[in-house]
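Single-letter residue listing:
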Amino acid sequence: MSDAQGQGRQPEAVKTVDDDTDRQPMSTLDAWVRSMAHPEPASLGRLPAHSPTCAGCGSENPAGLALVVDATEDGVRAVHRFDRRQEGAPGIAHGGLVAAAFDDLFGFLLYRVGELAVTRSLTVEYLRPVLLGTDYEFTAKVRTREGRRLHVDASAVETDGRRVATADATFIIVDVDHFEQGRATTLP
Ligand SMILES: CCCCCCCCCCCC(=O)SCCNC(=O)CCNC(=O)[C@H](O)C(C)(C)COP(=O)(O)OP(=O)(O)OC[C@H]1O[C@@H](n2cnc3c(N)ncnc32)[C@H](O)[C@@H]1OP(=O)(O)O
């Protein structure tokens, strides 16, 4: 998977079917489910966002992190800089948003393994404050796979190589039908 973000299997943000209701547009969900139904192991290079509006990596989500992620030899990598929207203590990234970055990065490993899966558990160790306006390199890889369970690890490091946070998670492989549950969502 070497297409630039926004190309390749990036789902279309089509909002035509239910625009006159407050339900999530069916055509958007259909396009997303279709695009995710048959993930294939990716080659090296830029990976497509999970969706244009994904809070972790979608370029069309104004409240999102807009992570840009590459497939590497042994996993995935993103260089990310948190901004004021992700502030916790003054000048420091909110821990929940750091966790979101790890969670979404783990979601890109699914392109590497060619399976659909969702987070069942996520643990973050905050080793040092993650500062706003500073570049951090996030990397993640699959540690083991046991049946439907994918155990994954990640770390975030400063440019001098010091680790500021680590994370591990268990993702559970699911069928594409799992995502049909999103159809019940109503938005204000
Ligand atoms: C490119 C594509 C992108 C795809 C799209 C990717 C988008 C990425 C976005 C970032 C990631 C997210 O935000 S994901 C969204 C946040 N996560 C969720 O919404 C998930 C909500 N939870 C669920 O829907 C459910 O709990 C599931 C599907 C995860 C699991 O339910 P289930 O299918 O009933 O499975 P269940 O029997 O409970 O567990 C399955 C197996 O895992 C084991 N297991 C359960 N919990 C644990 C655990 N903490 N640690 C170890 N093992 C565990 C069980 O013992 C069992 O083992 P055994 O009996 O099999 O041996």
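Here the structure is a predicted model, which means the values were calculated and not measured. (Residues numbered from 1 in each chain as written. Predicted model: local features only at pLDDT ≥ 70, side-chain atom pairs only at ≥ 80, totals over all residues. Heavy atoms only, no water.)

Student: Tell me what's going on with the packing of aromatic side chains, and back it up with residues and numbers.
Tutor: Going through the model one piece at a time under the given rule, you end up with four aromatic pairs. Taking 5.2 Å as the distance between ring centres and 65 degrees as the angle between the ring planes, the aromatic pair formed by Phe102 and Phe138 counts as edge-to-face. Of this pair, Phe102 sits in helix α2 (residues 95–113) while Phe138 is found in strand β5 (residues 135–146), placing the two residues 36 residues apart along the sequence. Here Phe102 and Phe138 have matching classes, each one buried. Pairing Phe108 with Tyr111 gives two aromatic rings, centres 5.8 Å apart and planes at 55 degrees, and the pair type is tilted. (Phe/Tyr/Trp six-rings, centres within 6.5 Å; stacked < 30°, edge-to-face > 60°. Helix = DSSP H or I, 4+ residues; strand = E, 2+ residues; numbered from the N terminus. Buried < 20%, exposed > 50% of the residue type's maximum accessible area, 1.4 Å probe, protein only.)

Student: Report on the site of the ligand, specifying residues and quantitative values.
Tutor: As a structural note, the neighbourhood of the ligand is formed by 18 residues, with Thr119, Arg120, Arg148, Arg149 and His178 the closest of them. Asp103 places a side-chain nitrogen or oxygen 3.3 Å from an oxygen atom of the ligand. In the model, a nitrogen atom of the ligand is placed 3.0 Å from a nitrogen or oxygen of the Thr119 main chain. Notes on the ligand: free accessible area 1300 Å², of which the protein chains cover 60%. In terms of residue count, strand β4 (residues 117–126) provides more of the shell around the ligand than any other element does, four residues in total. Here the residues of the shell around the ligand sort into nine nonpolar, five polar and four charged. (Near = heavy atom within 4 Å. Polar contact = N/O pair within 3.5 Å; in protein donor to acceptor, adjacent residues only side chain to side chain. Areas by Shrake-Rupley, 256 points an atom, 1.4 Å probe, with all protein chains shown as cover. Nonpolar A, V, L, I, M, F, W, Y, C, P; charged D, E, K, R; others polar.)

Student: Run through the nonpolar core, naming residues and quoting values.
Tutor: Within the largest apolar cluster, 39 residues are counted, with the highest numbers of intra-cluster contacts made by Val69, Val76, Phe82, Phe102, Phe106, Phe138 and Phe171. Of all elements in the fold, only β2 (69–71), β3 (76–81), α2, β4, β5, β6 (149–157) and β7 (163–173) reach the threshold of two or more residues within this core. Excluding anything up to four places from it in sequence, Phe82 contacts Leu65, Ala93, Leu97, Val98, Ala101, Val130, Leu132, Gly133, Thr134 and Phe138. (Core = buried A, V, L, I, M, F, W, Y, C linked by side-chain atoms within 4.5 Å. Contact = heavy atoms within 4.5 Å.)

Student: Which residues make up the confidence of the model for the protein chain, and what values go with them?
Tutor: Overall, the predicted model of the protein chain reaches an average pLDDT of 85, with 78% of residues at or above 70. Counting interchain partners and residues more than four positions distant, the pLDDT-below-50 stretch residues 1–22 has 55 contacts. (pLDDT = per-residue confidence, 0-100.)

Student: Could you give an account of the UniProt feature "domain: Thioesterase" (unreviewed entry) in the protein chain, naming the residues involved and the relevant values?
Tutor: In this numbering, the UniProt entry assigns the feature "domain: Thioesterase" (unreviewed entry) to residues 91–164. The span residues 91–164 shows a helical share of 26% and a strand share of 45%, and its end C-alpha atoms are spaced 15 Å apart. (UniProt positions renumbered as here; feature names shortened; annotations may be inferred.)

Student: Please set out the environment of Leu109 residue by residue, giving values where relevant.
Tutor: Along the polypeptide, Leu109 turns up in helix α2. Owing to a relative accessible area of 2%, Leu109 belongs among the buried residues under this scheme. When the C-alpha atoms of Leu109 and Thr186 are compared, they prove to be 29 Å apart, with 77 residues separating the residues in sequence. In this view, Leu109 contacts Gly75, Val76, Ala140, Lys141, Val142 and Val152; residues no more than four positions away in its chain are not counted.

Student: Please provide a residue-by-residue account of the pattern of salt bridges, values included.
Tutor: Taken as a whole and assessed by the stated rule, the structure comprises ten salt bridges. As a salt-bridge pair, Arg46 and Asp70 come within 2.7 Å of each other at their nearest N and O atoms. Taken together, the residues Arg46 in strand β1 (residues 45–46) and Asp70 in strand β2 connect sequence positions 24 residues apart. Look at Arg46 and you get partly exposed, because its relative accessible area is 31%. Between Glu87 and Arg84 there is a salt bridge, with its nearest N and O atoms 2.4 Å apart. (Salt bridge = Lys/Arg side-chain N within 4 Å of Asp/Glu carboxyl O.)

Student: Summarise the pairing of β6; cite the residues concerned and give the values.
Tutor: Burial analysis of β6 places eight of its nine residues in the buried class, which makes it a mostly covered element. Bridge count between β5 and β6: nine bridges; the pairing is antiparallel. Its bridge partner being in β6, Glu137 is matched across the sheet by Val157. Turn length for the β5-β6 hairpin, with the two strands adjacent in sequence and antiparallel, is two residues, and the turn residue Gly147 shows positive phi of about 60 degrees. With nine bridges connecting them, β6 and β7 associate as antiparallel partners. Counterpart to Ser155 in the pairing with β7 is Thr166. From the end of β6 to the start of β7, which pair antiparallel, there are five residues, and Gly161 there has a positive phi angle of about 95 degrees. (Pairing = 2+ DSSP bridges.)

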